[in-house]
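Here is how the chains run, residue by residue.
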2 protein chains.
Amino acid sequence: MDKFLDVFNFATLPFYWGVFPDYWDGFEPEKGKPRTKELKAAAQWLKERNVTVKGHPLVWHTATAPWLLDMSNEEILKAQLARIEREVTGFKGLIDMWDVINEVVIMPIYDKYDNGITRICKELGRVGMIKEMFAKTRECNPGATLLLNDFNTSINYEILIDGCLQAGVPIDAIGIQSHQHQGYWGHEKLEEVLNRFSHFGLPIHFTENSLLSGHLMPPEIGDLNDYQIPEWPSTPEDEERQAKEVEEMYSILFKHPLVEAISSWQFSDDGAWIGAPSGFIRKDNSLKPSYKVLKKLIKEDWSTNVCCKTDENGIISFEGFLGEFELVCGDKIVSFQLDKDAENVQLVNLLQTDVLV
Amino acid sequence: MDKFLDVFNFATLPFYWGVFPDYWDGFEPEKGKPRTKELKAAAQWLKERNVTVKGHPLVWHTATAPWLLDMSNEEILKAQLARIEREVTGFKGLIDMWDVINEVVIMPIYDKYDNGITRICKELGRVGMIKEMFAKTRECNPGATLLLNDFNTSINYEILIDGCLQAGVPIDAIGIQSHQHQGYWGHEKLEEVLNRFSHFGLPIHFTENSLLSGHLMPPEIGDLNDYQIPEWPSTPEDEERQAKEVEEMYSILFKHPLVEAISSWQFSDDGAWIGAPSGFIRKDNSLKPSYKVLKKLIKEDWSTNVCCKTDENGIISFEGFLGEFELVCGDKIVSFQLDKDAENVQLVNLLQTDVLV
């Protein structure tokens, strides 16, 4: 985990209600036995290390609780809302950011198998479903950051967001998945997607990014979950490609004024979704080039490291990236934060030093 | 026009704000000179012949007023709303049904040429735009039937309608275009579209139907307006095909409980949109087989024609299609209406006859 903490300050914890086959055990695969304790321990551990934690997802048709199928639609809705209440209230303070609902564009027409969430989404409609789920989540944690999340980056998702906003759904950030198992989007598609989803003026989170250091998945696979192979090796040449793609993609996202979070879906190839070599470290824990590239971007290129002398009034001024700073003066260290709305930062009493931004 | 009135009881009048090249002169191509008088005369003429009239469309990016381009977005919005107010108020009583806004799915991304409506739709968003336009139309004619209309029958349009309804837009009927210049949808697609758009429980109007009695347009043409040929003949074998398609399509639509209107986009090949042989009569005014087929369906198969005798209480009962009826008894004739909500129809005093439905 040191390798993780060395580069990242944000983590997504899995709250899949049911079992995600070959991937995750589920939060409450058996009714009445939620894994609250394990998840709280994980969230607590991350919080103590200054990692912001997001819960993913509160509502989804895939990997949902199988026992919903025995219920009437009215009971399913009640159970789903009670589930939101339990998790969002129970994790408040540890988790104040949620992917409230996942992949609603296909939710009511998902036909791979019957499931309780698709059933109620058919009845409520997409926007009606989102509205109910956001209202309950907001009620349970008024200060939380709430996301709508989808892999669909087409006009469908734009129209869905537009409808939600006009219907008064309190979306705090737009979540965009970018699993690129079938090939890197490239800067043109990336910029086009950013351009279209910027129209809403809302923060954008790249919630689930995957770039592979192995062979690509054939383009004809529709649902990525369907691609099952015994071994998916990471190769030296693909690792170089992955590093270049990570560098370009993260750089474009970092400089976009509305992008506020980028989550890579896998840190390690070990246990990665669908077994893809999409991590920054290999199964043996060794670092891939993509890890080194990203660490350099975050810890060097996008860090501010300046030495200055105060002027006659005790003021220093410098230009720097937004974020957390440490001001070191002799053997004294003081932390401060630069954010978008900050004007002057005054640290007068501590160090007899002012910082002017 | 006798041929028209013999079969149809509903007409769409063109309110394109600007010139529709090679098709229509426009309602107000020159600012301040609306063709109110001509359109009123046409609406009046139709009304006198018991033809329900719909105005089409109040808002559209295609064939809109070119002089909007000289305005700021604020001014365009003001002009558009004033235009709605003028037409909807002015035609109230003559026209109480409007295609309020046309083709919003592509409206903000329409890039064939710059136009004022796309500009303001980009700014307001799709649902925001629809909301404003419906609110103004409703304000000017509270009792009117208001439609959203689109050629896009994909999930995009479903999500757009869902968002509008959740945002409180007072849509009275969903308008679905079905220009089939590139081939008849067939019953499977037709039923699939009906099935998807029935979820909202709203009345459905097939607002713009085209079926050709000539060769089909090549499938690679994206915007049908782009297909320009000097002559597009109606042929005997294609006329037979058209008649079969009309029969099947109209029969499926007629029996669907939510379909309340079907408009063919062309009555005659003369002056038909993009010159396609899509009418029920040829350029020389002779009847195509499709005319005869449709007339038989409407005037015979879907008409109720029964002779009955009253029972000892003076009551007759029969099963019949919904709509207008004439009860003939000796030399007395009385009209009545059967509609969905009707229970008994009592015509006691006039003919000493009760009709029990």
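Residues numbered from 1 in each chain as written. Chains lettered and ligands numbered in written order. Predicted model: local features only at pLDDT ≥ 70, side-chain atom pairs only at ≥ 80, totals over all residues. Heavy atoms only, no water.

**Student:** Would you mind going over the overall build of chain A in detail, with residue names and values included?
**Tutor:** Along its length, chain A carries 10 helices and 12 strands. Its C-alpha atoms give chain A a radius of gyration of 22 Å, near enough to 21 Å, the size a compact globule of 357 residues would have. Counting only C-alpha atoms and orienting by the principal axes, one finds that chain A spans roughly 75 × 50 × 40 Å. Counting every position in chain A, which comprises 357 residues, the buried fraction comes to 53%. A separation of at least 24 residues holds for 69% of the contacts in chain A among residues at least 6 apart in sequence. Working note: accessible area of chain A is about 17,000 Å², and carbon and sulfur atoms make up 51% of it. Mean positive and mean negative side-chain charge positions of chain A (35 and 56 charges, respectively) differ by 4 Å. (Helix = DSSP H or I, 4+ residues; strand = E, 2+ residues; numbered from the N terminus. Rg over C-alpha atoms; globule rule 2.2 N^0.38 Å. Buried < 20%, exposed > 50% of the residue type's maximum accessible area, 1.4 Å probe, protein only. Contact = heavy atoms within 4.5 Å. Areas by Shrake-Rupley, 256 points an atom, 1.4 Å probe, with all protein chains shown as cover. Lys, Arg positive; Asp, Glu negative; His and termini not counted. Charge placed at Lys NZ, Arg CZ, Asp CG, Glu CD.)

**Student:** An account of helix H6 (residues 155-166) of chain A is needed here, citing residue identities and associated values.
**Tutor:** Over its 12 residues, H6(A) extends 16 Å from the first C-alpha to the last, a length consistent with the 16 Å expected when each residue adds 1.5 Å. Within H6(A), the full set of buried residues consists of Ile155(A), Asn156(A), Tyr157(A), Glu158(A), Ile159(A), Leu160(A), Ile161(A), Asp162(A), Gly163(A) and Cys164(A). Turning to H6(A), the residues buried within the fold contact helix H5 (126-140), strand E4 (145-150), strand E5 (173-179) and helix H7 (186-198) of chain A together with helix H5 (126-140) and helix H6 (155-166) of chain B. A distance of 3.0 Å separates the backbone nitrogen of Asn156(A) from a side-chain oxygen at the start of H6(A), and that oxygen is part of Ser154(A). Just beyond H6(A), the residue with positive phi is Gly168(A), at close to 85 degrees. (Expected span 1.5 Å × (residues − 1). Polar contact = N/O pair within 3.5 Å; in protein donor to acceptor, adjacent residues only side chain to side chain.)

**Student:** Lay out the pattern of salt bridges in plain terms, naming residues and giving numbers.
**Tutor:** Opposite charge on two side chains permits them to pair, given that their charged atoms come into close proximity. All names here are of chain A. Counted under the stated rule, the structure contains 42 salt bridges over all chains. For Lys 288, the salt bridge is made with Asp 269, and the minimal N-O distance between the two is 2.8 Å. Of this pair, Lys 288 sits in the loop between strand E7 (259-264) and helix H9 (289-301) while Asp 269 sits in the loop between E7 and H9; the two residues are 19 residues apart in sequence, bridging distant segments of the chain. Residue Asp 269 is classed as buried on the basis of its relative accessible area of 6%. One network of salt bridges, with partners in common, ties together Glu 28, Arg 83, Arg 86 and Glu 87. (Salt bridge = Lys/Arg side-chain N within 4 Å of Asp/Glu carboxyl O.)

**Student:** Which residues make up the relation of the copies chain A and chain B, and what are the values?
**Tutor:** Rotating chain A by 180 degrees about the axis while translating it 0.0 Å along that axis superimposes it on chain B, leaving an RMSD of 0.1 Å. The symmetry that links the two subunits is that of a two-fold axis. Interface overlap between copies is the fraction of interface residues in one copy that are interface residues in the other; for chain A against chain B it reaches 100%, indicating a shared surface. (Least-squares fit on C-alpha atoms with pLDDT ≥ 70 in both.)

**Student:** Describe the nonpolar core, naming the residues involved and giving the relevant values.
**Tutor:** Grouped together as the largest cluster of nonpolar side chains are 160 residues, with contacts concentrated most on Ile101(A), Met133(A), Ile101(B) and Met133(B). Beyond its immediate sequence surroundings of up to four residues, Ile101(A) is in contact with Val59(A), Met107(A), Met129(A), Ile130(A), Met133(A), Phe134(A), Leu147(A), Leu148(A) and Asn149(A). (Core = buried A, V, L, I, M, F, W, Y, C linked by side-chain atoms within 4.5 Å.)

**Student:** I'd love a proper account of the confidence of the model for chain A, names of residues and values included.
**Tutor:** Residue and element names in this part refer to chain A. On average, chain A scores 93 in pLDDT, and the residues at 70 or more come to 96%. Below a pLDDT of 50 lies the segment residues 349-357, which in the model reaches 36 contacts outside its immediate sequence neighbourhood of four places, other chains included. This prediction of the complex comes with two scores: 0.89 for pTM and 0.84 for ipTM. (pLDDT = per-residue confidence, 0-100.)

**Student:** Help me get a handle on the pairing of strand E6 (residues 204-210) of chain B, residues and values and all.
**Tutor:** Residues and elements named next belong to chain B. Taking burial as the measure, the 7 residues of E6 include 7 buried ones, the bulk of the element. Summarising the sheet, strand E5 (residues 173-179) and E6 pair through 6 bridges and their orientation is parallel. The partner of Gln 177 across the bridge, within E6, is Glu 208. Between the parallel elements E5 and E6, the chain passes through helix H7 (residues 186-198) in a crossover that is right-handed. Sheet topology note: the E6/strand E7 (residues 259-264) ladder contains 4 bridges and is parallel. Bridging across to E7, Ile 204 finds its partner in Val 259. Crossover connection from E6 via helix H8 (residues 236-255) to parallel E7: handedness right-handed. (Pairing = 2+ DSSP bridges. Right-handed = clockwise from strand over helix to strand, strands pointing away.)

**Student:** Outline H5(B), listing residues and values.
**Tutor:** One turn of an α-helix holds 3.6 residues; hence residues three or four places apart share an orientation. Given a rise of 1.5 Å per residue, 15 residues ought to cover 21 Å, and the 22 Å separating the end C-alpha atoms of H5(B) matches this to within 8%. Taken across its 15 residues, H5(B) has 11 buried, putting it largely inside the fold. All buried positions along H5(B) are accounted for by Arg126(B), Val127(B), Gly128(B), Met129(B), Ile130(B), Met133(B), Phe134(B), Lys136(B), Thr137(B), Arg138(B) and Cys140(B). Lining the buried residues of H5(B) we find H6 of chain A together with helix H3 (73-90), strand E3 (97-102), helix H4 (116-124), strand E4 (145-150) and H6 of chain B.

**Student:** Can you explain a negative patch on the surface? Please cite residues and give values.
**Tutor:** A cluster of acidic residues, Glu188(A), Glu191(A), Glu247(A) and Glu248(A), forms a negative patch at the surface. Mapped onto the elements of the fold, Glu247(A) is located in helix H8 (residues 236-255). (Patch = residues over 30% accessible without salt bridge, like charges linked within 9 Å, V, L, I, M, F, W, Y side chains within 5 Å.)

**Student:** Residues and numbers for the interface of chain A and chain B, please.
**Tutor:** Taken together, the contact pairs 17 residues of chain A with 17 residues of chain B. Both sides of the chain A and chain B interface together cover about 1,500 Å² of buried area, and 58% of this is carbon and sulfur. Run the count over chain A and chain B and you get 0 salt bridges. At the surface where chain A touches chain B, the tally comes to 7 residue pairs in polar contact (both at pLDDT 80 or more). Elements that contribute at least two residues to the side of chain A that touches chain B include exactly H5 and H6 of chain A. Sort the elements by how many residues they give to the side of chain A that touches chain B and H6(A) lands first, with 8 residues. Tallied by class, residues from the side of chain A that touches chain B come to 8 nonpolar, 5 polar and 4 charged. (Buried area = accessible area lost by both parts, 1.4 Å probe. Nonpolar A, V, L, I, M, F, W, Y, C, P; charged D, E, K, R; others polar.)

**Student:** So what's going on with the environment of Phe134(A)? Which residues, and what values?
**Tutor:** Residue and element names in this part refer to chain A. Checked against the element boundaries, Phe 134 lands in helix H5. Since its relative accessible area comes to 0%, Phe 134 is described here as buried. Aside from chain neighbours lying at most four places away, what touches Phe 134 is Val 100, Ile 101, Leu 146, Leu 147, Leu 148, Val 169, Pro 170 and Ile 171.

**Student:** Pulling in residues and values, what's your account of the packing of H4(B) against H5(B)?
**Tutor:** Residues and elements named next belong to chain B. Viewed as axis vectors pointing N to C, H4 and H5 meet at an angle of 110 degrees, and their least axial separation amounts to 6 Å. One element, H4, and the other, H5, form an angle in the roughly perpendicular class. As H4 packs across H5, the resulting crossing turns out to be right-handed. Listed contacts from H5 to Ile 117, Ile 120, Cys 121 and Leu 124 of H4 are Arg 126, Gly 128, Met 129, Glu 132 and Met 133. Considered class by class, the residues forming the contact of H4 with H5 number 6 nonpolar, 1 polar and 2 charged. (Axes fitted to C-alpha atoms, helices over the stretch in contact; angles between N-to-C directions. Parallel < 35°, antiparallel > 145°, perpendicular 65-115°, else oblique. Left-handed = near helix turned anticlockwise from the far one by under 90°.)

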